[in-house]
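# Coordinate analysis (summary)
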Amino acid sequence: LARPEDDAPTPMRMNDAVADPFGRFWAGSMSYDADEDAGSLYRVDHYGTVVRVLDGITVPNGPAFTPDGGLMYLADSARGVVRRYAVDPVTGGLGAPEEFVTIGDGSPDGMAVDVEGAVWIAVWGTGTVRRHLPDGTLDRTLRLPARQPAGVCLADDVLHITTARVGLPAPGDDDGALFTARVDVPGTPTPACRLDPVRLASALRDPA
């Protein structure tokens, strides 16, 4: 398995990861101490090549893709911003970043996109999950009895929400619990990572 941050000047770890609808795998990295701009976003292509596609990220979360794979949303949680990128369906190349939403009262964390193209965002530190329409407008807010929502997953019309206890001086009984909520706009099936076995075998035989 690739270790793209082995030569980094500061100790690094991977954070969030997901497959896009075309079967490519995307994963973000960050420093253990959340050093500013130390993180990156990587893409694993169909034949196993690992490509750094973005850098200068402090705490990457997501990414999340629209059902057709044409748009990617990526949060830089430390800056409170979610950016949107057009995705080339053939190469996986990204277009210019566009600011989607900025959150001032918490940190955008894990995300999911529903069939209408709206983005569900777990907002760390606020006890909320928020649905933003494709134009960025806040559509609705779900309130949880846990302060640190971390990740979301849409399975049909059920929204699964993970939360965390880390960093809380006095965590409550619900902090760190897994929650589910029925929603009226479903998600699409989670894509699988699909590597091309022929091209992958060829690349392993001849890395050059």
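Attention here is on the structure that accompanies the text. From a predicted model like this one, the values you see are computed outputs, not experimental measurements.

### Describing the sheet that holds strand β11 (residues 128–132)
Each strand in a sheet pairs with its neighbour through backbone hydrogen bonds, running either in the same direction (parallel) or in the opposite one (antiparallel). Spatial strand order, β9-β10-β11-β12: four strands in an open sheet with antiparallel pairing. The sheet is open, and its two borders are formed by β9 (107–113) and β12 (138–143), each paired with just one other strand. Between one strand axis and the next, the sheet turns through 25° on average, direction left out of account. With five bridges joining them, strand β10 (residues 119–124) and β11 adopt antiparallel strand pairing.

### A word on the packing of aromatic side chains
Throughout the structure, instances matching the rule amount to two aromatic pairs. A centroid spacing of 5.4 Å and a plane angle of 50° characterise the contact between Trp-26 and Phe-65, whose relative ring orientation is tilted. On the criterion of sequence distance, the pair formed by Trp-26 in strand β2 (residues 25–31) and Phe-65 in strand β5 (residues 60–65) is long-range, its members being 39 residues apart. An angle of 65° between the planes, with centres 4.8 Å apart, marks the rings of Tyr-73 and Phe-100 as edge-to-face. With a gap of 27 residues between them, Tyr-73 in strand β6 (residues 71–76) and Phe-100 in strand β8 (residues 98–102) connect regions that are remote in the sequence. Residue Tyr-73 is classed as buried on the basis of its relative accessible area of 1%.

### Focus on the sheet that holds strand β15 (residues 178–182)
The three strands lie next to each other as β13-β14-β15, forming an open sheet whose pairing is antiparallel. A strand with exactly one partner marks an edge of an open sheet, and here the two such strands are β13 (149–155) and β15. Across this sheet, the average inter-strand angle for adjacent strands is 20°, counted without regard to direction. Strand direction decides the pairing type here: strand β14 (residues 158–163) and β15, joined by five bridges, are antiparallel. Each residue of the ladder has a partner; that of Ile-161, found in β15, is Phe-179.

### Thoughts on the pattern of salt bridges
Tallying each qualifying case throughout the model produces 16 salt bridges. Two residues, Asp-114 and Arg-131, come together in a salt bridge whose shortest N-O distance is 2.8 Å. Of this pair, Asp-114 sits in the loop between β9 and β10 while Arg-131 sits in strand β11, and the two are 17 residues apart along the sequence. As far as the burial class goes, Asp-114 and Arg-131 line up, both buried. As a salt-bridge pair, Asp-184 and Arg-140 come within 2.7 Å of each other at their nearest N and O atoms. You can see Asp-184 sitting in the loop between β15 and α1 (197–205) and its partner Arg-140 sitting in strand β12, a full 44 residues away along the chain. Judged by its relative accessible area of 58%, Asp-184 falls in the exposed class. According to the relative accessible area criterion, Arg-140 is partly exposed, its value standing at 27%. One network of salt bridges, in which partners are shared, links Asp-114, Glu-116, Arg-131, Asp-139, Arg-140 and Asp-184.

### Focus on the pairing of strand β7 (residues 81–86)
Across six bridges, the pairing between β6 and β7 is antiparallel. Across the sheet, Tyr-73 pairs through a bridge with Arg-84, a residue of β7. The turn joining β6 and β7, which pair antiparallel and follow one another in sequence, is formed by four residues; a positive phi near 70° is taken by Gly-80.

### A short note on unusual backbone geometry
In this model, Gly-62 is joined to Pro-63 through a cis peptide bond whose omega is -5°. Relative to the elements of secondary structure, Pro-63 occurs in strand β5. A positive phi is found at Asp-37, a non-glycine position, where the angle reads about 70°. Mapped onto the elements of the fold, Asp-37 is located in the loop between β2 and β3 (39–44).

Conventions we followed
Residues numbered from 1 in each chain as written. Predicted model: local features only at pLDDT ≥ 70, side-chain atom pairs only at ≥ 80, totals over all residues. Heavy atoms only, no water. Pairing = 2+ DSSP bridges. Helix = DSSP H or I, 4+ residues; strand = E, 2+ residues; numbered from the N terminus. Axes fitted to C-alpha atoms, helices over the stretch in contact; angles between N-to-C directions. Phe/Tyr/Trp six-rings, centres within 6.5 Å; stacked < 30°, edge-to-face > 60°. Buried < 20%, exposed > 50% of the residue type's maximum accessible area, 1.4 Å probe, protein only. Salt bridge = Lys/Arg side-chain N within 4 Å of Asp/Glu carboxyl O.

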